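Coordinate inspection notes
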Amino acid sequence: MIKITLFYKKHYKALKIFRLKNTHFFLILVILFNLLINQNFIEAQYKIKKVVIDAGHGGKDPGAIGKKSKEKDIALAIALKLGQYIEEYLSGVKVEYTRKTDVFIELFKRAEIANKKQADVFISIHVNSNTSSKPYGTATYVMGLDKTKENLEVAQTENSVILKENGYLSNYKGFDPNSPDSYIVFSLLQNANLEKSLNLAEKVENQFEKRVGRNSRGVKQAALVVLWNATMPAILVETGFISNSNEEKYLMTDQGQSFIASAIFRAFRDYKNEIEKTSKNVKPITSNSNLTESSSKKESGVRFKVQIKSSSQRINLGSNELYGIKDAEEINFKGIYKYFVGNTESFKEILKIQNEVRQKVKDAFVVAFKNGNKIDIKEALEEVGRN
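Residues numbered from 1 in each chain as written. Predicted model: local features only at pLDDT ≥ 70, side-chain atom pairs only at ≥ 80, totals over all residues. Heavy atoms only, no water.

Next up on the list: the overall build of the protein. Tallying secondary structure elements over the protein gives 14 helices and 11 strands in all. Relative to its full complement of 387 residues, the protein shows a buried share of 51%. Looking at the protein alone, contacts between residues at least 24 apart form 78% of all its contacts between residues at least 6 apart. On the protein, roughly 20000 Å² of surface is accessible, and the fraction owed to carbon and sulfur atoms is 51%. (Helix = DSSP H or I, 4+ residues; strand = E, 2+ residues; numbered from the N terminus. Buried < 20%, exposed > 50% of the residue type's maximum accessible area, 1.4 Å probe, protein only. Contact = heavy atoms within 4.5 Å. Areas by Shrake-Rupley, 256 points an atom, 1.4 Å probe, with all protein chains shown as cover.)

Following this line, the structure appears as structure tokens:
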């Protein structure tokens, strides 16, 4: 794959001229070229090899300020400990940082650093605060819908110029701005990142509550700019309230910081193992994957659903918390309650359902199951096609 990419870079200008003169033949070459790249990408896309750890705030930006501490210092200490645990106990995973010292970094640049380093996971460490000293506990955030939608719209606006970039095929993992199908795949990749982010976030909060004994305030979604441009699963961890005197004391201690960092480490380790175990069963998409609906559905066991909510607490079906949707389905994933609508073997049908549901739940997204077990969207599409 590397040799092919280098060849394309070396002969980019010649290929551009050839494309203009031989448009149809060039498109065939592009399709074949993308198939070669996509086969390698699909086989390796869930291999966790690099994580970027972001210590929130820094330099002239202290973040939240407690009676005796500053958020930027606690966040950096925990981030460095987390990186140390990953380097020590997870061989083959490279750790990168947005900062390792007390320096100021613009918010938008933090995810940009992760993107440039082609990280597989982005973890941002923060400390919470409140005007009241009563709130306490941890919370882990993932990207909320309004910015997720904006992320896609910005990407689509910029798509028309990526062909001018050297190495765009590798940078955008085979994304073709001229192909309508690519936009569907691009949207699914965003959904996949959201689902993976939720998965990691749930593991972090579970570790905080079950292993470290912290008060977990659950997994939340919000329009956080630091996560906006992340092109990989990304979470922001609020490790506690600096405005709560007891929690501030805990977060200032070496032991407290170690416990928090070790909890995030275990969650990341479990997430990595789960993702890589699942990806072993994912095969490259080939020309035989576009099976007809009638020939693939009989034995596939694949079902598509639309996820509308995830919660650490059980929600009554039909309640306002489920946006008034009466036919929602509840599935318990290791103590996390997830709520779905729709249950179909047809990918086109589930997209229609998703569009309808998004009138009430803007961040609803498609997930796939096989014989009752959750699987990756691409694996499902390989089996049943896009019909």
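Among the 8 residues in helix H14 (residues 377–384), 8 count as buried, and that is most of the element. If you check which residues of H14 are buried, you get Ile377, Lys378, Glu379, Ala380, Leu381, Glu382, Glu383 and Val384.

Within the chain, His57 stands out as a residue other than glycine whose phi angle is a positive 65°. Along the chain, the position of His57 falls in the loop between strand E1 (50–55) and helix H4 (71–89). On the basis of relative accessibility, which here comes to 19%, the residue His57 falls in the buried class. Even without being glycine, Asn371 reaches a positive phi, approximately 50°.

Below, the discussion takes up the packing of aromatic side chains. Under the counting rule described, the total for this entry stands at 4 aromatic pairs. Ring geometry for Phe340 versus Phe369: centroids 5.6 Å apart, planes at 85°, classification edge-to-face. Taken together, the residues span a long stretch of sequence, with Phe340 in strand E9 (residues 336–344) and Phe369 in strand E10 (residues 365–370) at a distance of 29 residues. This pair shows no difference in class: Phe340 is buried, exactly as Phe369 is. Following the ring pairs from residue to residue traces out a cluster consisting of Tyr85, Tyr89 and Phe265. (Phe/Tyr/Trp six-rings, centres within 6.5 Å; stacked < 30°, edge-to-face > 60°.)

Below, the discussion takes up helix H10 (residues 245–252). Within H10 the residues assigned to the buried category are Glu247, Glu248, Tyr250 and Leu251. Viewed end-on, H10 has its buried residues packed into an arc of 160°, placing them on one side of the element. Facing away from the buried side of H10 by more than 90 degrees, the exposed set consists of Asn246 and Lys249. The distance from a side-chain oxygen at the start of H10 to the backbone nitrogen of Asn246 is 3.1 Å, and the residue carrying that oxygen is Asn244. (Arc of directions from axis to C-beta. Polar contact = N/O pair within 3.5 Å; in protein donor to acceptor, adjacent residues only side chain to side chain.)

This model, assessed by the stated rule, comprises 18 salt bridges. Among the salt bridges present, the one from Glu345 reaches Arg303, with a minimum N-O distance of 3.7 Å. Highlighted residues: Glu345 in the loop between E9 and helix H13 (347–357) and Arg303 in strand E7 (residues 302–311), separated in sequence by 42 residues. One connected set of salt bridges, linked through shared partners, spans Glu195, Glu202, Lys338 and Lys374. (Salt bridge = Lys/Arg side-chain N within 4 Å of Asp/Glu carboxyl O.)

Structurally, Phe365 can be placed in strand E10. In this structure the C-alpha to C-alpha distance between Phe365 and Gln307, which are 58 residues apart in sequence, comes to 5.5 Å.

Looking now at the side chain of Asn199. Along the polypeptide, Asn199 turns up in helix H8 (residues 180–210). Other than its neighbours up to four places away in sequence, Asn199 contacts Tyr271 and Glu274.

A few words on the pairing of strand E2 (residues 94–97). Where E1 lies against E2, 4 bridges are found, and the strand directions are parallel. Following the sheet pairing, Ile53 is matched in E2 by Tyr97. Assessed by its sense of winding, the connection that carries the chain from E1 through H4 to E2 is right-handed. (Pairing = 2+ DSSP bridges. Right-handed = clockwise from strand over helix to strand, strands pointing away.)

As for its position among the elements, Leu194 is in helix H8. What makes Leu194 buried here is its relative accessible area of 10%. Along the sequence, Leu194 and Val142 sit 52 residues apart, while their C-alpha atoms lie 7.3 Å from each other. If near-sequence neighbours (up to four positions away) are discounted, Leu194 is found in contact with Val142, Met143, Gln221, Asp363 and Phe365.

Turning our eyes to something else, we now look at the sheet that holds E10. Across the sheet, 5 strands lie side by side as E8-E9-E7-E10-E11; this open sheet has antiparallel pairing. At either end of the open sheet lies a strand with only one pairing partner, and these are strand E8 (329–333) and strand E11 (373–375). On average, each strand axis in the sheet is tilted by 50° relative to the strand beside it, whichever way the strands run. Running at roughly 25° to E7, H13 makes contact with E7, E9 and E10 of the sheet. (Axes fitted to C-alpha atoms, helices over the stretch in contact; angles between N-to-C directions.)

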